[in-house]
Amino acid sequence: MKSSTFKIVTIAGATGLLGFHIADAFLNDGSYKIKILRQKPESENKNASLLASKGAETIYVDYNDKDDLVKALKGTDVVICAIGGHEFIPPQRALFVAAKEVVEFLQELKKSGMEYTIIIDGLFQEYLWVLGFDHKNKKANLFADGNTKVVTTALSDVGKYTVESLKLPAARNGIIRVAGCVLTLNELVQKFEEVTVSYDLTVRERYKNNTDPVPALLDDWAAYLVTTLDFKDFHNDKFTFTPRPITDAIKKILDTSDKKTGYV
Ligand SMILES: NC(=O)c1ccc[n+]([C@@H]2O[C@H](COP(=O)([O-])OP(=O)(O)OC[C@H]3O[C@@H](n4cnc5c(N)ncnc54)[C@H](OP(=O)(O)O)[C@@H]3O)[C@@H](O)[C@H]2O)c1
């Protein structure tokens, strides 16, 4: 793969679920100076320490102070935002608000004249349980027809796609679509069963069509997700690595579930 013209990459939210995998992938790539932006006040964080031990520089900022942010970003070639937080979560109504914000954000981004890359990667495989995999009760409560296809990608692969996208001409001011794997819901159930042969996973098609009433907000969100997770025209062939097998993520989900009752 060609080398990149970018040298300094600043990652906001690098201590989080997604941001850590992106920062880690950049540090493993070794071609860039990595800065991580953290919100003030200073605080201990295991992921921050790990990234610092691998060479990342930590900068604390007040996100409400524009001058502070501008100072922190000085000299940066690439800014990656992986900021999360609970305000993203409130379902249903917030989903539409968030979707609207995203549209406005994209318009602002394009108007700003800054170079950008949008990476569309489907559902994080570490969030597969959201699609209705109830490990605790050993059921798969699917929210759509079992033949519905969904695109999912492991977080560590999202990190690698982000790093390699800096070296892809098609990524400049463009949209990159990638998939760790594309499987139907029925195939996903089979993957769970491959990993958990001793569990009795069953399929209950709660929503045979997407106009059926939906009882809970999380279910509603899952039902919405399922209808948006089938997309095409992937750029996978432009990347050098093979995505992780989905069973890795399933093992991790089940392991977490066994340790924390009621997680999935
Ligand atoms: N496709 C999927 O399946 C999927 C699943 C989950 C999330 N996501 C998306 O991935 C992105 C990142 O989510 P995440 O779950 O990785 O985030 P997260 O772990 O909840 O948070 C990431 C980091 O954001 C920083 N942060 C939190 N609240 C903040 C605030 N109010 N102001 C400034 N910084 C704040 C914190 O870092 P510091 O304290 O170190 O600054 C935190 O570690 C979001 O866009 C989310 O929607 C996608």
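The structure under discussion appears in the preceding block.
Residues numbered from 1 in each chain as written. Predicted model: local features only at pLDDT ≥ 70, side-chain atom pairs only at ≥ 80, totals over all residues. Heavy atoms only, no water.

A. Spatial organisation of the overall build of the protein chain. Counting secondary structure elements, the protein chain contains 8 helices and 11 strands. Relative to its full complement of 264 residues, the protein chain shows a buried share of 43%. Expressed as a percentage of contacts within the protein chain between residues at least 6 apart in sequence, the contacts between residues at least 24 apart total 78%. Of the accessible surface of the protein chain, which amounts to about 14800 Å², a share of 53% is contributed by carbon and sulfur atoms. (Helix = DSSP H or I, 4+ residues; strand = E, 2+ residues; numbered from the N terminus. Buried < 20%, exposed > 50% of the residue type's maximum accessible area, 1.4 Å probe, protein only. Contact = heavy atoms within 4.5 Å. Areas by Shrake-Rupley, 256 points an atom, 1.4 Å probe, with all protein chains shown as cover.)

B. How the structure looks around the pattern of salt bridges. Applying the stated criterion across every chain, the model contains 9 salt bridges. Where K40 meets D68, a salt bridge forms, and the shortest distance between an N and an O atom there is 3.0 Å. Within this pair, whereas K40 is found in the loop between strand 2 (33-39) and helix 2 (46-53), its partner D68 is found in helix 3 (residues 66-73), the two being separated by 28 residues in sequence. A salt bridge links R172 to E115; the nearest nitrogen and oxygen atoms lie 3.3 Å apart. Of this pair, R172 sits in the loop between helix 5 (155-165) and strand 10 (174-177) while E115 is found in the loop between helix 4 (93-112) and strand 5 (117-120), placing the two residues 57 residues apart along the sequence. (Salt bridge = Lys/Arg side-chain N within 4 Å of Asp/Glu carboxyl O.)

C. Main features of helix 7 (residues 217-228). Under the 1.5 Å per step criterion, the end-to-end length of helix 7 is 17 Å for 12 residues, consistent within 8% with the ideal 16 Å. Every buried residue belonging to helix 7 is among D219, D220, A222, A223, L225 and V226, and all of these are buried. (Expected span 1.5 Å × (residues − 1).)

D. Spatial organisation of unusual backbone geometry. In this structure, the amide linkage connecting K40 to the following residue, P41, adopts the cis form with an omega of 0 degrees. Positionally, P41 belongs in the loop between strand 2 and helix 2. Even without being glycine, N173 reaches a positive phi, approximately 55 degrees. Relative to the assigned elements, N173 resides in the loop between helix 5 and strand 10. A relative accessible area of 42% places N173 in the partly exposed class.

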